[in-house]
Structures are given as structure tokens and as C-alpha cells.
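This is what each chain is made of:
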Amino acid sequence: MDAIYQVPFLAHAAMEPMNCTVHVRKDGCEIWVGTQVPTLTQAVVAELLGLPKEQVQLHNHLLGGGFGRRLEPDGTLTAVKVAQQVDGPVKVVWSREEDIQHDLYRPYYFDRLSAGLDAQGRPVAWTHRIAGSSVVARYLPPLFKNGYDFDAVEGAAEPPYALENIHVDYVRVEPPGVTTAFWRGVGPTHNIFVVESFIDELAAAAKQDPVAYRKALLGHNPRALAVLTLAAEKAGWGAPMPKGHGRGISVQFAFGSYLSQVAEVEVAQDGSVKVHRIVCAVDCGLPVNPDTIEAQIQGGTLFGLTAALYGNITFRDGRVEQANFDTYQPMRINEAPMVETHIIGSAEAPGGLGEAATAIVTPAVTNAIFAATGKRVRTLPIDPMQLKSST
């Protein structure tokens, strides 16, 4: 079995665009901003102004949407440069167009996979080559060693399945003139889509049910097996669905947590996709606040689903073509599916959830599209023209 997968550049497009208020004085600088990296921001501003760090006072506020975009201090540095020319406080607010067209984008990835199956349909060999930009090499240079980017292979190098012979490698390919950055999960947001889609392809080639196929490869991994079993049970896996409807499943271990999702989708004659329901089972270790867990699953699912359906940053003549929410479309409220969250009680160490659902939702949806139409989605965003019925 061989397959090639591709995922696009993505913008953060938070509801609050980049903004910052700065007051530069001879004896210091005062900043009001929402940032994910206050210490780094203070240091780079001090360097720009030639001041000791203790003379840069930063008031950190709620982010209005970070998603990795506010790990970058570029918006603050721009505001400081403006404030240097003014005697008094200056507030700089980016327009929506500036925010989308001057973002630092999630990398474009190109993946090539191959697998060999034995007579029972089980994988006996698995190879996965990942090509794309390295965010770690730019943002955390000391952690990029010998061409290895730990983030670019997370979710792929150590999948939850029992794969006896596995080879995963990463090739750094930097797009000229395009700066890439962390985007609410980065590596796993592309790797989970690729791995879970390919596992589904292997199940189909082996003529086995996708849930049963995964269970046979998770006997050594009780936590992954438990979330898979619970999600399938709560979603009513195996129950009949109308024509043009399908269920898809995905499993992941990433960010320290185990998740499984089942998506129920409908594909119309024109190829348009409607996601009706998402069922998610979660083992994030000791569940500290169930309400927060449910909120993170809901928000992350919709964030990832928006990217799967619509997210795509493209370039023409050296410029970003998308500019506002008419050309970089967010999911509308009438498109949002029901999201059910089922938490497994655990005494294990707590894991992360802020990015987990963003990564797992895409393959659940694309696998459901295959169940409904028999057509594989290997390139994102989902293209209705490729799903359009010929009947």
C-alpha cells in the first residue's frame, strides 16, 4: 500500500487581531499586550530599545485567541518602533487583512507512506517520510539537532499501534519567503490526519471493520484501546446509516493524552460535507475539571474542523491571496456539529487538552467521508468537487 498526503499553510485568524499599546520614555518602556511569551517579549523589546530588561514593564492581558500566534513578538516590536516616534502612549491594532496576510503560518507538509500487509491484513512494515518546514529550527534552534525536528514527527514517530517494523524520517524543506510557526498543535495536527487516514486505508484493503482493525493493533496499549472502545460504543458504531451518510473513527496519543473520535457526516450530491455529530472519548490522566475538559474538546474540535473544511493559505505573485473571513472562511454557527465528550476516570498524570481535539477531528471526518462515498481525502482542505457524485 502506498499513499501521498498533503496539508496546506494555515493562518491563526484569531478573533482578536494582533494589537499592542506601548509607551516609550527615556527612562523605560511600558507595554500592554496579550502574549503567550511575556519573558521573551520583554527581552526582545529591551534589546530593541537598548534598555535593561527591568526597565521594560509588561502588563499581560487575556489573549483574545493565541493558538501559537502570540508566541511571536513581531506585533509588539512593530508597535514599539511606532511608539519610539511619538511622545506618549501609542496603540497599534492590525486590520483583519493585515492579521491574515502577515501571519506566521502553519507549515505545508508533504507525506509519503508505504505499508506491507500479511495474509491476515496486519501491517508487517510501515514507512513514513515527512517533508516540510521546521518551526523548531527557527524558534528553538538548540533543540533542532542533526536535522531532527521533534515536533514535525510527533504523532507519527511513535503511533499508538503495534507496528513491528516502522521507519519514520523527516526532511526539512523551507518555503522561500514564508515564515512558519506553531499553530495549535502543529506536528500532530498534520501527522494524526495522515497516520489515522492511512490506518483506515489498510483496514479497507484488509476488508476489515475500521474499529476492529484498530483494536487488533492496540492490545498492548490499554489506554488507547479504552478510548477507542468507548467512543465507538457511545457513537453507536455499526448501526445502519442513510445513503450518503457515514461514520469515521480516529485514535491518537499526543500532548500527553489519549483521545478517540467518531464523526458522523453527510455528503450531498454536489460534494458538500455536513458534519452532524462528533463523539469524543478522553483519557487525559487525572481529570481535574470536567467542565474545562469538555470546553477544550468542543473548542479544539471546531478549530480543527474549520481548518479541515476550509483552511488554506495560498500565494500568488509573492502575496497571500486570502485577506478576510470571506476568503479565509471560519466555520459558521449553523455548520457546527453536536460535540459529545466522554471522560475516562484515571489516576495517571494529567495530560494536555488545549490542542488534542484540533488534531484528531480531521481524520475522523475524512474517514467518515470514505464510508459515505468510497472516496479518500488525502489533500486538505476537503474539496467538494472531488466528492461530487457522478450519478
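Only a predicted model underlies this, so the values are computations on that prediction, with no experimental measurement involved.

Cut-offs applied
- Residues numbered from 1 in each chain as written.
- Predicted model: local features only at pLDDT ≥ 70, side-chain atom pairs only at ≥ 80, totals over all residues.
- Heavy atoms only, no water.
- Pairing = 2+ DSSP bridges.
- Helix = DSSP H or I, 4+ residues; strand = E, 2+ residues; numbered from the N terminus.
- Axes fitted to C-alpha atoms, helices over the stretch in contact; angles between N-to-C directions.
- Contact = heavy atoms within 4.5 Å.
- Parallel < 35°, antiparallel > 145°, perpendicular 65-115°, else oblique.
- Left-handed = near helix turned anticlockwise from the far one by under 90°.
- Nonpolar A, V, L, I, M, F, W, Y, C, P; charged D, E, K, R; others polar.
- Core = buried A, V, L, I, M, F, W, Y, C linked by side-chain atoms within 4.5 Å.
- Buried < 20%, exposed > 50% of the residue type's maximum accessible area, 1.4 Å probe, protein only.
- Expected span 1.5 Å × (residues − 1).
- Polar contact = N/O pair within 3.5 Å; in protein donor to acceptor, adjacent residues only side chain to side chain.
- Phe/Tyr/Trp six-rings, centres within 6.5 Å; stacked < 30°, edge-to-face > 60°.

Caption draft 1: How the structure looks around the sheet that holds strand β9 (residues 245–254). One open sheet accounts for 4 strands, arranged β9-β10-β11-β14; its pairing is mixed. With partners counted over all chains shown, the strands left at the sheet margins are β9 and β14 (338–343), one partner each. Strand-to-strand twist of the sheet, defined as the mean angle between neighbouring strand axes without regard to direction, takes the value 15°. By the bridge criterion, 10 bridges tie β9 to strand β10 (residues 257–267) in an arrangement that is antiparallel. Residue R247 lies in a different strand from β10, and its bridge partner there is E264. Sitting on the sheet, helix α9 (residues 356–373) is in contact with β9, β10 and β11 (273–283), with an inclination near 150° to β9.

Caption draft 2: Structural detail: the packing of helix α8 (residues 290–310) against α9. Taken N-terminus to C-terminus, the directions of α8 and α9 make an angle of 55°; their axes are 7 Å apart at the nearest point. Compared by their axis directions, α8 and α9 come out oblique. For the crossing formed where α8 meets α9, the hand is right-handed. Where α8 approaches α9, its residues Q296, I297, G300, T301, F303, G304, L305 and A308 are matched on the opposing element by A357, T358, V361, T362 and V365. Of the residues in the contact of α8 with α9, the class split is 7 nonpolar, 6 polar and no charged.

Caption draft 3: Geometry of the nonpolar core. Formed by 94 residues in total, the largest nonpolar core has its most connected members in W126, V273, I297, V365, I369 and I382. Here this core gets 8 residues from one element, more than from any other, and that element is α9. Setting aside residues up to four positions removed in sequence, I297 forms contacts with L259, Q261, C280, V282, V339, T341, L353 and A357. In this structure, C20, I31, L51 and W94 belong to the second largest nonpolar core, which totals 18 residues.

Caption draft 4: Representation of the sheet that holds strand β1 (residues 2–7) in the model. If you trace the 4 strands from one edge of the open sheet to the other, you get β1-β6-β7-β8, paired in mixed fashion. Two strands lie at the open edges of the sheet, namely β1 and β8 (166–172), each paired on one side alone. Going across the sheet, the axis of each strand differs from the next one's by a mean of 15°, ignoring polarity. Pairing analysis gives 9 bridges linking strand β6 (residues 109–117) to strand β7 (residues 123–132), with the strands arranged antiparallel. Considered in β7, the bridge of A115 is made with W126. Set on the sheet, helix α5 (residues 187–205) makes contact with β1, β6 and β7; between it and β6 the angle comes to about 30°.

Caption draft 5: Structural context of helix α7 (residues 222–235). Helix length check: α7, at 14 residues, gives a terminal C-alpha distance of 20 Å against a target of 20 Å (1.5 Å per residue), a fit within 8%. Along α7, the residues that are buried comprise A224, V227, L228, L230, A231, A232 and A235. The inward-facing, buried residues of α7 abut α6 (210–216), β9, β10, β11 and β14. Just beyond α7, the residue with positive phi is G236, at close to 70°.

Caption draft 6: Inspection of the side chain of D151 at higher detail. Take D151: it is sitting in the loop between α4 (135–139) and β8. Engagement of the side chain of D151 in a polar contact is seen with the backbone nitrogen of G187, the distance being 3.2 Å. Residues within four places of D151 in sequence aside, it is in contact with V136, F182, G185, V186, G187, P188 and N191.

Caption draft 7: Here's a closer look at the side chain of D283. Structurally, D283 can be placed in strand β11. Polar contacts involving the side chain of D283 include one to the side chain of R223, which spans 2.8 Å. A polar atom in the side chain of D283 sits 3.0 Å from the backbone nitrogen of G285. Excluding anything up to four places from it in sequence, D283 contacts R223, V227, S257, Y258, I344 and S346.

Caption draft 8: Layout of the pairing of β9. The element β9 is extensively covered by neighbouring structure, given that 8 of its 10 residues are classed as buried. Hairpin geometry of β9 and β10 is characterised by an intervening segment of 2 residues between the two adjacent antiparallel strands and by a positive phi of about 60° at F255.

Caption draft 9: View of the packing of aromatic side chains. Taken as a whole, this structure holds 9 aromatic pairs when the rule is applied. Centroid distance Y5 to F193: 5.6 Å. Interplanar angle 90°. Geometry classified as edge-to-face. Taken together, the positions of Y5 in strand β1 and F193 in helix α5 put the pair 188 residues apart, joining distant regions of the chain. Taken as a pair, Y5 and F193 share a single burial class, namely buried. Measuring from centroid to centroid gives 5.6 Å for F9 and F315, while their planes differ by 85°, and the two rings are edge-to-face. Taken together, the residues F9 in the loop between β1 and β2 (19–25) and F315 in strand β12 (residues 315–316) connect sequence positions 306 residues apart. Looking at F315, the relative accessible area reads 33%, which means it is partly exposed.

Caption draft 10: Examining the packing of helix α1 (residues 38–49) against helix α2 (residues 74–83) more closely. Running from N to C, α1 and α2 cross one another at 35°; their axes reach a closest spacing of 10 Å. When you trace α1 past α2, the crossing you get is right-handed. Residues T41, V44, V45, L48 and L49 of α1 form the contact with α2, whose own contacting residues are T76, L77, V80 and K81.

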